[in-house]
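Geometric and topological summary
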Amino acid sequence: MTSRPDVGPYSRHIPSLDGFRGLAVLGVMASHLFPGTTNGILRPIGAIRSFGATGVDLFFVLSGFLITGILYDSLHDPGFFRKFYARRVLRIFPLYYGVLFALMVLTPWLNIHWGHMKWALLFYLQNTGIAGPFYTFHMSRDVSLNHFWTLAVEEQFYFIWPLAIFFIRDLRKLLWTCLALSSIALVLRFILAFHHTNYNVINCSTPCRADSLLIGAALALLLRSSLHDAVLRWSKSIFFVMCSALVVFNLIRLGVERRPEWLFGFDASYLALRYTIVAVGSAALIAWSLQTISVARTTFENKTLRFFGKYSYGLYVLHFVFLGFLLSVFRGWIAYITPNKRIAGIGSGFLAFGVAVVAAYLSYNLYEKRFLRLKRYFEYKRTGVSSEKVKSC
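What counts and how
Residues numbered from 1 in each chain as written. Predicted model: local features only at pLDDT ≥ 70, side-chain atom pairs only at ≥ 80, totals over all residues. Heavy atoms only, no water. Salt bridge = Lys/Arg side-chain N within 4 Å of Asp/Glu carboxyl O. Helix = DSSP H or I, 4+ residues; strand = E, 2+ residues; numbered from the N terminus. Patch = residues over 30% accessible without salt bridge, like charges linked within 9 Å, V, L, I, M, F, W, Y side chains within 5 Å. Areas by Shrake-Rupley, 256 points an atom, 1.4 Å probe, with all protein chains shown as cover. Phe/Tyr/Trp six-rings, centres within 6.5 Å; stacked < 30°, edge-to-face > 60°. Buried < 20%, exposed > 50% of the residue type's maximum accessible area, 1.4 Å probe, protein only. Lys NZ or Arg CZ within 6 Å of the ring centre and 35° of its normal.

Moving on to the pattern of salt bridges. Following the criterion strictly, the structure yields 10 salt bridges and no others. Two residues, Arg 141 and Asp 142, come together in a salt bridge whose shortest N-O distance is 3.5 Å. In this structure, Arg 189 engages Asp 211 in a salt bridge whose closest nitrogen and oxygen atoms are separated by 2.9 Å. Taken as a pair, Arg 189 in helix H8 (residues 171-194) and Asp 211 in helix H10 (residues 206-222) lie far apart in primary sequence, 22 residues in all.

This part takes up a nonpolar patch on the surface. A contiguous nonpolar surface patch, about 540 Å² in accessible area, is contributed by Phe 307, Val 358, Tyr 361, Leu 362, Leu 366 and Tyr 367. Considering each element in turn, the nonpolar patch owes the most residues, five residues, to helix H17 (residues 341-372).

Scanning the model with the defined rule gives 35 aromatic pairs in all. Their ring planes at 85 degrees and their centres at 6.3 Å tell us that Phe 84 and Tyr 158 sit as a pair that is edge-to-face. On the criterion of sequence distance, the pair formed by Phe 84 in helix H4 (residues 80-105) and Tyr 158 in helix H7 (residues 149-168) is long-range, its members being 74 residues apart. There is no split in this pair, since Phe 84 and Tyr 158 are both buried. Centroid distance Tyr 97 to Tyr 124: 6.0 Å. Interplanar angle 90 degrees. Geometry classified as edge-to-face. With Tyr 97 in helix H4 and Tyr 124 in the loop between helix H6 (117-122) and H7, the pair connects residues that are 27 residues apart, well separated along the chain. Tyr 97 gets classed as partly exposed once you look at its relative accessible area, which sits at 26%. Since its relative accessible area comes to 5%, Tyr 124 is described here as buried. Taken together, the aromatic side chains of Phe 80, Phe 81, Phe 84, Tyr 85, Phe 157, Tyr 158, Trp 161, Phe 166 and Phe 167 make up a single cluster linked through ring pairs. A cation over a ring is seen here: Arg 169 above Phe 166, with NZ or CZ 4.7 Å from the ring centre.

Have a look at this one:
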């Protein structure tokens, strides 16, 4: 497997990936904004809500894809580590630590109970259990940072993966590394699931979720190899195969529900396999959107999806922090207009969504941008790659 010299197109800003990011964040937000929408006429919204949780998987795969591409293309840059970590810090830390600092200052007024989790959050260890069972951590009735576990997974990956790429370097060996580590994550999930391990441990720990990031990483490497054209050509088919696999699993479960003695084994197997299936499907969807002409590319280059993609980080970080409080307030407002609980549930969700969009927009343009401008001091110089400014990450 030889490396392709024309890696430049994947080292520059790709509009369709903005839309992909937008889809991911909208999915995650839908899974949080519309609780209690699984019955009756609200079942379609409930289905979207359930599917929306896979937005996290989309984020992980996309992160692995973008980060690995950046790292592999900049292997010969003398500032390999310095530039990578500086750019990550400027993109991620200001908003993350800004939220933590603001909540710490407001702790007495918001009645927040940090326990030892404050230190775990400061060092991106909130998903490790180092400060106690993270899935039982409740800051207060109105404030929550439970969604920050995904940021811990990504930061832990960013800490280790650049070292692997720097020291391994060879494209073929890196691909085998992705395969080996992804297999370990899958086997680990099987072991934990069949030993009745708490779902949150499996869902939120980096070793169990690493394959989502690594499958995205493998895609980035494959698109820099002689298999480039084959990957793009087969991406659409692979995406639909993975979607079909998810449908089949859910149909089988309906039948297994009638056999309680089989149910645990099936659920444990599905829990272990689902992440891999979704990750492969997500990677295929990314590759499909990179084709010159495709439905996926047209969809993800839509201006609305790209808008949400641009502000996705702020939307993800901010939408959940005061969500419980906002939903409660908005339901109360709507109750003055109509006693219908379904309308109150949907209406409060959309109002909270509007607040999140405004907050993310203001955060990006008034706060985060000041730090992002500093990235110009850490531009990459890559051998054989166009010097056009990198904006993918």
